[in-house]
Amino acid sequence: LLLVRHGDTELNSVERYWGNTDVKLSDAGLRQAGRLRDRLATERIDAIYSSDLSRALVTAETIASKHRLEVIICAELREMNFGKLEGLTFNEISRLYPEFTELWRQRSSRLKCPGGEGVEEFNIRVGRFLERLKNHSPQETILIVAHSGSLRSLVCHLLGIEAERRWQFRLDLASLSMLETYPQGAILSLLNDISHLR
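Here the structure is a predicted model, which is why all the values come from computation and not from measurement. Residue numbers here run from 1 along each chain, matching the order of that chain's written sequence. Reporting of local features is limited, given that this is a predicted model, to residues whose pLDDT is at least 70; pairs of side-chain atoms are given and counted only at 80 or more, and all residues count toward the totals for whole chains, interfaces and linings. Side-chain descriptors were evaluated using all non-hydrogen atoms of the structure, hydrogens and water having been removed beforehand.

## Brief notes about the overall build of the protein chain
Along the backbone of the protein chain there are seven helices and six strands. Starting at the N terminus, helices and strands are each numbered in turn, a helix being any DSSP run of H or I of at least four residues and a strand any DSSP run of E of at least two. The helix and strand sequence of the protein chain, counted from the amino end, reads β-α-β-α-β-α-α-α-α-β-α-β-β. A total of 198 residues make up the protein chain; the buried ones form 51% of that total. Surface exposure here means Shrake-Rupley accessible area, sampled with a 1.4 Å probe, where a residue is shielded only by the protein chains that are shown. Roughly 10000 Å² of accessible area belongs to the protein chain as shown, and the carbon and sulfur atoms make up 47% of that amount. Charged residues are defined here as Lys and Arg on the positive side and Asp and Glu on the negative side; His and the ends of the chain fall outside this count. To locate a charge, take NZ of a lysine, CZ of an arginine, CG of an aspartate or CD of a glutamate. Treating the 27 positive side-chain charges of the protein chain as one cloud and the 27 negative ones as another, the clouds have centres 2 Å apart. Working definition: with a 1.4 Å probe on protein chains only, accessible area under 20% of the residue-type maximum means buried, over 50% means exposed, and in between means partly exposed.

Listed below in structure tokens is the structure:
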């Protein structure tokens, strides 16, 4: 499995929390997607899945252009719905929602975004994507383009570790990670590689 996080967006994905808001890739994000396309141009890819949000979908379509593959759109790969926190920085969230921020700092499984999704329901939603992988043979290489939260949740599902551990994985914009899957479980062979951006 090749796991790719989308590139940077027009509304600054480095500092602000964008979940279900459909923000577009910035010019820098489009360049990052092009670097990913070039990096993966010689890889054998048998299928490409993407979140339905445009920042992931455009990244996926850019990579797919070298492989003559249709991108399969999956709403279950969307980022968490942050509700009233959409578009805010962590400092703004801390000031406006101190109780939420304390649960966030504790990495609590009871965490629920005001007017948005809870951590448990988010992990269940992302976990449904794994059913799609059962349609592929073990020899196939699958590319998944999504968001930091959904990709980290997927890694936890695949490695068989608690969802709370997702906070311990860092996935930068336009990063590439790889997992090898076996009947006994998955092996994380590459995490958060951004060497193609240098």
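## What to know about the packing of helix α1 (residues 27-40) against helix α2 (residues 54-64)
All axes are obtained by fitting lines to C-alpha atoms, using only the stretch in contact for helices, and the reported angles, taken between N-to-C directions, cover 0 to 180 degrees. Viewed as axis vectors pointing N to C, α1 and α2 meet at an angle of 35 degrees, and their least axial separation amounts to 8 Å. Taken as a pair, α1 and α2 cross one another with a handedness that is right-handed. Counted together, Leu-30, Ala-33, Gly-34, Leu-36, Arg-37 and Leu-40 of α1 and Val-58, Thr-59, Thr-62 and Ile-63 of α2 form the full contact between these two elements. The residue classification treats Ala, Val, Leu, Ile, Met, Phe, Trp, Tyr, Cys and Pro as nonpolar and Asp, Glu, Lys and Arg as charged. All others, Gly included, are polar. Here the residues of the contact of α1 with α2 are counted per class, giving six nonpolar, three polar and one charged. What makes a crossing left-handed is the near helix being turned counterclockwise from the far one by less than a right angle; a clockwise turn instead makes it right-handed. Only heavy atoms enter the contact rule, under which two residues are in contact if any of them lie within 4.5 Å.

## Remarks on the pairing of strand β2 (residues 47-50)
With burial as the criterion, each face of β2 is covered, one bearing Ala-47 and Tyr-49 and the other bearing Ile-48 and Ser-50. Bridging between β2 and strand β4 (residues 142-146) involves four bridges; their strand directions are parallel. For Ser-50, the partnering residue across the bridge sits in β4 and is Val-145. Here β2 pairs with strand β3 (residues 71-73) via three bridges, running parallel. Paired with Tyr-49 across the strands is Ile-72, a residue of β3. Every crossover in which the path from the first strand over the helix to the second runs clockwise, viewed with the strands pointing away from the viewer, is termed right-handed. Between β2 and its parallel partner β3, the chain crosses via α2, and the hand of that crossover is right-handed. Two strands are said to pair when DSSP picks up at least two bridges between them.

## Brief notes about the layout of surface pockets
A cavity, in this analysis, means grid points on a 1 Å lattice covering only the protein atoms where a 1.4 Å probe fits yet has no way out; a pocket is instead an open set bounded by protein on both sides within 12 Å along at least five of seven lines, and a residue lines either one if it has an atom within 4 Å of a point. Grid points are joined across faces, edges and corners, and a volume is the space filled by probe spheres set on the points. For the largest pocket, the calculated volume is near 660 Å³. Lining of the largest pocket is provided by 29 residues; of these, Arg-5, Tyr-17, Glu-79, Ser-148 and Arg-152 occupy positions nearest its centre. Elements that contribute at least two residues to the lining of the largest pocket include exactly α4 (98-105) and α7 (148-159). The greatest single-element share of the lining of the largest pocket, amounting to three residues, is contributed by α7. For the lining of the largest pocket, the residue count by class is 15 nonpolar, five polar and nine charged. A volume near 480 Å³ is recorded for the second largest pocket. The wall of the second largest pocket is formed by 20 residues, among which Leu-1, Leu-133, Pro-138, Thr-181 and Tyr-182 lie closest to the centre. At the level of elements, α6 (130-133), α7, β5 (176-182) and β6 (185-193) are the ones that each hand at least two residues to the lining of the second largest pocket. Its residues assigned to classes, the lining of the second largest pocket shows 10 nonpolar, seven polar and three charged.

## Description of the pattern of salt bridges
Oppositely charged side chains can pair when the atoms bearing their charge come close. Salt bridge, as used here, is a side-chain nitrogen of Lys or Arg placed within 4 Å of a carboxyl oxygen of Asp or Glu. Counted under the stated rule, the structure contains 11 salt bridges. Among the ionic pairs, Glu-162 bridges to Arg-165, the shortest N-O distance being 3.8 Å.

## Brief notes about the packing of helix α5 (residues 119-127) against α7
At a minimum axis distance of 9 Å, the contact between α5 and α7 shows a crossing angle of 75 degrees. Accordingly, the angle class assigned to the pair α5 and α7 is roughly perpendicular. On α7, the residues touching Phe-122, Asn-123, Val-126 and Gly-127 of α5 are Gly-149, Ser-150, Ser-153, Leu-154 and His-157. Considered class by class, the residues forming the contact of α5 with α7 number three nonpolar, six polar and no charged. Roughly parallel here means an angle under 35 degrees, roughly antiparallel means over 145, roughly perpendicular means 65 to 115, and every remaining angle is called oblique.

## Side note on the nonpolar core
The biggest cluster of nonpolar side chains holds 33 residues, and the ones touching the most others in it are Leu-1, Leu-77, Leu-85, Phe-129 and Ile-144. Going through the elements one at a time, β2, α4, α5, β4 and α7 are the ones with two or more residues in this core. Residue contacts for Leu-85: discarding those within four places in its chain leaves Tyr-17, Ile-93, Tyr-97, Phe-100, Trp-104, Cys-113 and Pro-114. In this structure, Val-4, Leu-143, Val-145 and Leu-176 belong to the second largest nonpolar core, which totals 16 residues. Residue types Ala, Val, Leu, Ile, Met, Phe, Trp, Tyr and Cys, when buried and joined through side-chain atoms within 4.5 Å, form a set referred to as a nonpolar core.

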